[in-house]
Amino acid sequence: MELTAAHQYQLHAHVLDDWGLDRLAAQMREEFAEENEHSNRFLERIFDLGGEPEMGFANTPKIAKSLSDMFESDLKDEKEAVAFYTRASKNAYEADDLASKALFEEIAIDEVGHANWLDQQLGLIERLGEERYASKQISGGAADEEG
């Protein structure tokens, strides 16, 4: 899931750059880095437990056709991740694996933060309209001059 999320955000960053939305592209690169770090933490834990990780995408990253579609799809994925990691944390607790429980909880909390940010962006798009929202995601343009 984390590999899929990381590369979905990486793809978003490139799409947003192509659309000229450099501020939002930079945000997506930060999300990519955080999801990649989550993946690294899971790999470390798997090796600590003596396991062999399977590296593959849970889903294939997809190109969004609009900002709303991008954020809605990501929000759905983040909510699924929170639910999954919450269940995984409970299972780890029941298995007396407190280190894995803590890891699942920490990452679930990060994913809640991602979901909240995405929900906020969707609210802004709803209030401002996608075109006006997008105009605020361009550095050095009219959006900067307006303040």
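Definitions and cut-offs
- Residue positions within a chain follow its written sequence, with the count starting from 1.
- Under the rules for a predicted model, residues below a pLDDT of 70 receive no local features and side-chain atom pairs below 80 are neither given nor counted, while totals for whole chains, interfaces and linings still include all residues.
- The basis for every side-chain value is the complete set of non-hydrogen atoms in the structure, without hydrogens or water.
- Working definition: a ring pair exists when centres of Phe, Tyr or Trp rings (six-membered ring for Trp) sit within 6.5 Å. Plane angles under 30 degrees give stacked, over 60 give edge-to-face, the rest tilted.
- A helix here means a DSSP run of H or I that spans at least four residues, while a strand means a run of E at least two residues long, and both kinds are numbered starting from the N terminus.
- Buried means the residue's accessible area, taken with a 1.4 Å probe over protein chains only, is under 20% of the maximum for its type, while exposed means over 50%, and partly exposed covers the values in between.
- By definition, a salt bridge exists where a carboxyl oxygen of Asp or Glu is found within 4 Å of a side-chain nitrogen of Lys or Arg.
- Here an angle of 0 to 180 degrees is reported between the N-to-C directions of two axes, which are lines fitted to C-alpha atoms, with helices fitted over the stretch in contact.
- These descriptions rest on fixed angle ranges, namely under 35 degrees for roughly parallel, over 145 for roughly antiparallel, 65 to 115 for roughly perpendicular, and the rest for oblique.
- By convention, the crossing between two helices is left-handed when the near helix turns anticlockwise from the far helix through less than a right angle, and right-handed when the turn is clockwise.
- It only takes one pair of heavy atoms within 4.5 Å for two residues to be counted as in contact.
- In this classification, Asp, Glu, Lys and Arg are treated as charged, Ala, Val, Leu, Ile, Met, Phe, Trp, Tyr, Cys and Pro as nonpolar, and every other residue, Gly included, as polar.

- Per an unreviewed UniProt entry, the protein chain goes by the name Bacterioferritin and belongs to Lutimaribacter degradans.

## Focus: the packing of aromatic side chains
Here's step 1: This structure, assessed with the given rule, holds 6 aromatic pairs.
Here's step 2: Centre to centre, the rings of Phe-71 and Tyr-133 are 6.1 Å apart; their planes meet at 90 degrees, and the pair counts as edge-to-face. Of this pair, Phe-71 sits in helix 3 (residues 67-94) while Tyr-133 sits in helix 5 (residues 130-135); the two residues are 62 residues apart in sequence, bridging distant segments of the chain.
Here's step 3: Its relative accessible area of 2% is what places Tyr-133 among the buried residues.

## A short note on unusual backbone geometry
Here's step 1: Of note, Asp-96 is a non-glycine position whose phi angle comes to about 60 degrees, a positive value.
Here's step 2: Structurally, the position occupied by Asp-96 is in the loop between helix 3 and helix 4 (98-128).
Here's step 3: You can call Asp-96 exposed: its relative accessible area is 68%.

## Description of the pattern of salt bridges
Here's step 1: Applying the stated criterion across every chain yields a total of 5 salt bridges.
Here's step 2: Between Arg-29 and Asp-17 there is a salt bridge, with its nearest N and O atoms 2.5 Å apart. Within this pair, whereas Arg-29 is found in helix 2 (residues 22-48), its partner Asp-17 is found in helix 1 (residues 2-18), the two being separated by 12 residues in sequence.
Here's step 3: One salt bridge in this structure joins Arg-41 and Glu-106, with 2.3 Å as the shortest N-O distance. Taken together, the residues Arg-41 in helix 2 and Glu-106 in helix 4 connect sequence positions 65 residues apart.
Here's step 4: Accessibility expressed as a relative area gives 25% for Arg-41, which makes it partly exposed.

## Remarks on the packing of helix 2 against helix 4
Here's step 1: Packing of helix 2 against helix 4 brings their axes to within 11 Å, and their N-to-C directions diverge by 170 degrees. When the interaxial angle is binned, helix 2 and helix 4 end up roughly antiparallel. Relative to helix 4, helix 2 is oriented so that their crossing is left-handed. Taken together, the residues of helix 4 that come into contact with helix 2 (itself represented by Leu-24, Gln-27, Met-28, Glu-31, Glu-34, Glu-35, His-38, Arg-41, Phe-42 and Arg-45) are Ala-99, Ser-100, Leu-103, Phe-104, Glu-106, Ile-107, Asp-110, Glu-111, His-114 and Trp-117.
Here's step 2: Taken together, the residues of the contact of helix 2 with helix 4 sort by class into 8 nonpolar, 4 polar and 8 charged.

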